[in-house]
Amino acid sequence: MRRKLLIAGLFFLLLGGGGVFHARSAEKPGAMVSTPSKSPAADLYSLTEAVSRRARDLDQADLRIQEERKILEKMREEVRQQIGVLEQKLSLLEKKTGDQEQGNKVERQRVARIFRAMPAEDAAKRLQMLGERNSARILKELKEKDAAKILGKMDADFSANVTRWIEKGTP
């Protein structure tokens, strides 16, 4: 491609396009402006040198771009690997959390059976000592009839707050 441009530029100059070349290059900021010399051979040489310099500059720019692309590709691969590692960790964490939640549910059910076996007044007193949130968790594991009996024996304000926790879906 660059050779074609070089050859086209040389033909352009040889066919008398040097004046147009100079006029247009003067319009562009940063463009090289060469002054016409006395001989066409000197003009051809300076144009050839300018095109060669430009070709070298483009080659160097292409090399820098290729190097940067390689660096970016390495970075992308590292990010992909890190995402894979994080996804594995997340999966393990979700599994562990699920296992813990299952274990907690089993324990809440066991505790609920203990409270269900107690008289409602005794269960209400003990649940009030555990606090609203924990009481709500345990009462959710009971049958509605058993939970209602216990809630009926609790302090009215405490019972109302426990009911709010149950409505929220106590975590």
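As a reminder, the structure under discussion sits directly above these lines.
Conventions adopted
Residues numbered from 1 in each chain as written. Predicted model: local features only at pLDDT ≥ 70, side-chain atom pairs only at ≥ 80, totals over all residues. Heavy atoms only, no water. Axes fitted to C-alpha atoms, helices over the stretch in contact; angles between N-to-C directions. Helix = DSSP H or I, 4+ residues; strand = E, 2+ residues; numbered from the N terminus. Parallel < 35°, antiparallel > 145°, perpendicular 65-115°, else oblique. Left-handed = near helix turned anticlockwise from the far one by under 90°. Contact = heavy atoms within 4.5 Å. Nonpolar A, V, L, I, M, F, W, Y, C, P; charged D, E, K, R; others polar. Salt bridge = Lys/Arg side-chain N within 4 Å of Asp/Glu carboxyl O. Buried < 20%, exposed > 50% of the residue type's maximum accessible area, 1.4 Å probe, protein only.

(A) Expanded view of the packing of helix H3 (residues 120-130) against helix H5 (residues 144-153). Where H3 contacts H5, the axes come no closer than 8 Å and their chain directions differ by 70°. Considered as vectors, H3 and H5 are oriented roughly perpendicular to each other. H5 is crossed by H3, and the crossing has right-handed handedness. Mapping the contact onto sequence places Ala120, Glu121, Ala123, Ala124 and Leu127 in H3 and Lys149, Ile150 and Lys153 in H5. For the contact of H3 with H5, the per-class residue count stands at five nonpolar, no polar and three charged.

(B) The pattern of salt bridges, seen in detail. Tallied over the full model, the rule gives nine salt bridges. Between Arg110 and Glu107 there is a salt bridge, with the nearest N and O atoms lying 3.2 Å from each other. In this pair, Arg110 and Glu107 are both assigned in helix H2 (residues 40-117), three residues apart and thus about one turn of the helix distant. We classify Arg110 as partly exposed; its relative accessible area is 40%. Taking relative accessible area as the criterion, Glu107 reaches 39% and is therefore assigned partly exposed. In this structure, Glu141 and Arg108 form a salt bridge, with 3.7 Å as the shortest nitrogen-oxygen distance. Of this pair, Glu141 sits in the loop between helix H4 (132-140) and H5 while Arg108 sits in helix H2, and the two are 33 residues apart along the sequence. Residues joined in a network through salt bridges with shared partners are Glu73, Arg76, Glu77 and Arg80.

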